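# Survey of secondary and tertiary structure
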Amino acid sequence: MRKNHYHEEMLSVEDARKKILENFSILSTEKKLLLDSLGQILAENIIAKFPIPPLDNSAMDGYAVVSSDTIDATNNQPSKLKVIGSVPAGSVPTKKIKSGQSMRIMTGAPIPKGADAVIPFEETDEKTRNNLDYIGCNSEVKKGDNIRLSGEDVLKGEEILSSGVLIKDAHVGVIASLGKSKINVIKKPVISIISTGDEILEPGEKIKPGKIYNSNAYSIASMVTSNGGIPNIIGTASDSEESLNMLLDMAYNSDLIVTSAGVSKGDYDVVKDVLFKRGKIKLWSVRMRPAKPLAFGVLDINGKSIPHLGLPGNPVSAMIAFEQFGIPAIKVMLGKKDILKSSFKIIIDDEIINYDNRRVYARAIVFKGEDGKLHAKLTGNQSSGVLTSMSKANALAICTEDREKINIGEEINAIFLDDIDDLFF
Ligand code: AMP
Ligand code: MG
C-alpha cells in the first residue's frame, strides 16, 4: 500500500524543463589558474595593459636596414651595408642605425632605431661571403617590410575579451599573452550523485546472484564531467528511507543532487517518499519515452535548499532524462547561453512506433547515406534497460507526441549525442 498519494500530472518535455530550470541560476565566480579555466565562462573583462607586440619587431631572420639604402639592389648589383651589431630575440638594441649601416636581427627581436625594414637572410649574400663586417642586399625592401608593428595584435587599453565569453583554446592563449596567470570565471557546479537499490553492486565488487552493477552513477558522472560540472559520487542507498536520508545529508555541499531509481511505482521506491517528506515536489511524470517517471523537487539538506533530480533507474532512461533536464541545469549554472542542443533533420531508415502519445527518443546511428543526406538507423532493442542501445547510438531520433508511427523514409528531427566532429567515428 502506498502511503502517499501524489497528484500525477504528466508534463510535456518543454514544460517539465521550464519548471526545472526555474530553480537554477548562474553560480558565483571564482579565481582560477588560466590553464584550469578552459570551457568555463569568463567573469571579468580582459583589458590589455600594454600593446602586443610591445615593440616593433622583426618578422624574419635577416638584417635591419634603412630601406632607401636598398633601392635598385639586385643579385648582380647588391647594396653593400656595414654590419654594426646583432640583435638576438629577447634583447633590446642599444645602437642606432644610420644610412649605410645594418644590424643582424632574429625573428621577434626589436627593430633598432633608425631602421625601417628587415631584409631576410635569403635575400642577402651572407652565405657566400667571408667578411661578415659587411653584407650585400640582393633585392630592394620597402619601408615597413618584414616589421611587425607594436600594437598590431592588441592596442594598450583595448578590451580583448568580455565577461560572459566561453573560454576556448585561443582565449587561453590570448590571456597568457597579456601576462595573466589567473582569471575570474563562473564556478563549476558540483553535482552529487546517489544511486538507490538493494540490488546494486559497484564495479570491482564480486558479482552475486540477484545483483547488478551500478552503471547509472558512472554514466551520469561522465555526462556531468563532459558538460563542465564536477561529479561527486556519494554512494548507493539501500531501499530504505533511513539509508537514503543518510546519503542525502552527505550531499549538503552540492548545487544539484541527482538520484537514480526509486521513482516508479514499485514497493520499494523510496525516493518519492523522501522527496515528499523533506522537500517540495515540483513534478513527477513527463510525457516522454523513455524516462516517464521523473522526480524533481527541492530538498532541505541541513537547512539548505538544494534542487533534486530523481532519475528513473533504467540505465537508458536515466541518461536520456539527464540529457534533457540535468545538462541544461548544469549549463544554466555555468552561465552558458546555449542551453539546449540544436536538432537536425535526418531520414529515418527504421520505423518508430509510438503507442501512447509520448515523445519518443529513439536511440539511433546517424550516417551519411549514398544520397549524400543524413540517415539514421535504430540501434536495435529499444527497451529502456538496454544500455548498449545508448552506447551504440550517436543520436536520438525524435518521434513527436502527435504521431503514432514514423514510417521508413520520413524526415524527422534528431539530436546528436556526440560532438559533431566525432559523429562518424
Ligand atoms: P527502479 O526505478 O528502482 O524500479 O529501477 C528500475 C530498473 O533500473 C531496475 O531494473 C533496476 O535494477 C535498474 N537500476 C536501478 N539503479 C540502477 C543503477 N544504478 N545502475 C543500473 N541499473 C539500475
Ligand atoms: Mg528499485
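What counts and what doesn't
- Residues numbered from 1 in each chain as written.
- Chains lettered and ligands numbered in written order.
- Predicted model: local features only at pLDDT ≥ 70, side-chain atom pairs only at ≥ 80, totals over all residues.
- Heavy atoms only, no water.
- 1 Å grid on protein atoms, 1.4 Å probe; cavity = no way out; pocket = protein on both sides within 12 Å on 5 of 7 lines; lining within 4 Å.
- Points joined across faces, edges and corners; volume = space filled by probe spheres on them.
- Helix = DSSP H or I, 4+ residues; strand = E, 2+ residues; numbered from the N terminus.
- Nonpolar A, V, L, I, M, F, W, Y, C, P; charged D, E, K, R; others polar.
- Near = heavy atom within 4 Å.
- Polar contact = N/O pair within 3.5 Å; in protein donor to acceptor, adjacent residues only side chain to side chain.
- Areas by Shrake-Rupley, 256 points an atom, 1.4 Å probe, with all protein chains shown as cover.
- Domains from an automatic or database assignment.
- Core = buried A, V, L, I, M, F, W, Y, C linked by side-chain atoms within 4.5 Å.
- Buried < 20%, exposed > 50% of the residue type's maximum accessible area, 1.4 Å probe, protein only.
- Contact = heavy atoms within 4.5 Å.
- Pairing = 2+ DSSP bridges.
- Axes fitted to C-alpha atoms, helices over the stretch in contact; angles between N-to-C directions.

## A word on the layout of surface pockets
In this structure, the largest pocket occupies an estimated 1,100 Å³ of space. Lining the largest pocket are 37 residues, with Ser226, Asn227, Lys331, Lys341 and Asp419 positioned closest to its centre. Counting residues per element, the lining of the largest pocket draws most heavily on helix α6 (residues 315-334), which supplies 5 residues. In the lining of the largest pocket, the residues fall into 16 nonpolar, 11 polar and 10 charged. Taken together, 40 residues make up the lining of the second largest pocket; nearest its centre are Pro312, Gly313, Asn314, Ser317 and Ser384. Those elements giving two or more residues to the lining of the second largest pocket turn out to be β15 (212-213), α6, β23 (352-353) and β24 (359-368). The dominant element in the lining of the second largest pocket, judged by the number of residues it contributes, is β24, at 4 residues. Each residue belonging to the lining of the second largest pocket can be placed in one class, and the counts come to 18 nonpolar, 14 polar and 8 charged.

## Examining the site of ligand 1
Around ligand 1, 16 residues are found, and the nearest of them are Glu199, Asn214, Ser215, Gly313 and Asn314. In this structure, Asn216 approaches ligand 1 through a main-chain N or O atom, which is 3.3 Å from a nitrogen atom. At a separation of 3.1 Å, an oxygen atom of ligand 1 approaches a polar backbone atom of Gly313. When ligand 1 sits alone it has 480 Å² of accessible area, and the protein chains cover 77% of it.

## Re the domain arrangement of the chain
What the domain assignment lists for the chain is domain 1 (13-27 + 188-334), domain 2 (30-51 + 160-186), domain 3 (57-148) and domain 4 (343-424). One C-alpha centre belongs to domain 2, the other to domain 4; they are set 39 Å apart.

## Considerations on the nonpolar core
Counting residues in each nonpolar core, the largest one holds 47 residues, and the members touching the most others are Leu294, Leu309, Leu311, Phe322 and Phe325. Tallying contributions element by element places α6 first for this core, with 13 residues. Counting the residues that make up this core, at least three belong to each of domain 1 (13-27 + 188-334) and domain 4 (343-424). Those residues in contact with Leu311, other than ones at most four positions away along the chain, are Ile220, Val258, Thr259, Ser260, Ala261, Val263, Leu294, Ala318, Ala321 and Phe322. One finds Ala237, Ile257, Val263 and Trp284 within the second-largest nonpolar core, a separate group that totals 18 residues.

## Digging into the side chain of Ser102
Note that Ser102 resides in strand β7 (residues 101-105). We classify Ser102 as buried; its relative accessible area is 0%. What Ser102 contacts, discounting residues up to four positions off in sequence, is Tyr63, Ala64, Val65, Leu81, Lys82, Val83, Ile84, Gly85, Ile97 and Ile135.

## Structural notes on the environment of Asp69
Within the fold, Asp69 resides in the loop between β5 (62-65) and β6 (79-87). Separated by 71 residues in sequence, Asp69 and Glu140 place their C-alpha atoms 8.5 Å apart. In contact with Asp69, other than residues within four places in its own chain, are Ser79, Leu81, Lys98, Ser99, Gly100 and Gln101. At 2.8 Å, the side chain of Asp69 forms a polar contact with the side chain of Ser99.

## Quick word on the sheet that holds β7
Judged by pairing direction, the sheet is mixed, and its 5 strands sit side by side in the order β8-β5-β7-β6-β9 without closing on themselves. Both outer strands of the open sheet, β8 (117-120) and β9 (134-137), are each paired with one neighbouring strand and no more. Shown here is a sheet whose adjacent strand axes are inclined to one another by a mean of 40°, direction ignored. Pairing of β6 with β9, which is carried by 4 bridges, proceeds in the antiparallel orientation. In the sheet register, Leu81 faces β9, and the bridge partner there is Ile135.

## A word on the side chain of Gln40
Take Gln40: it is sitting in the loop between β2 (29-33) and β3 (46-47). One polar contact links Gln40 to Glu30, side chain to side chain, over a distance of 3.4 Å. Of note is the side chain of Gln40, whose polar atom sits 2.8 Å from the side chain of Lys32. In contact with Gln40, other than residues within four places in its own chain, are Glu30, Lys32, Val165, Leu166, Ile167, Val185, Ile186, Lys187 and Lys188.

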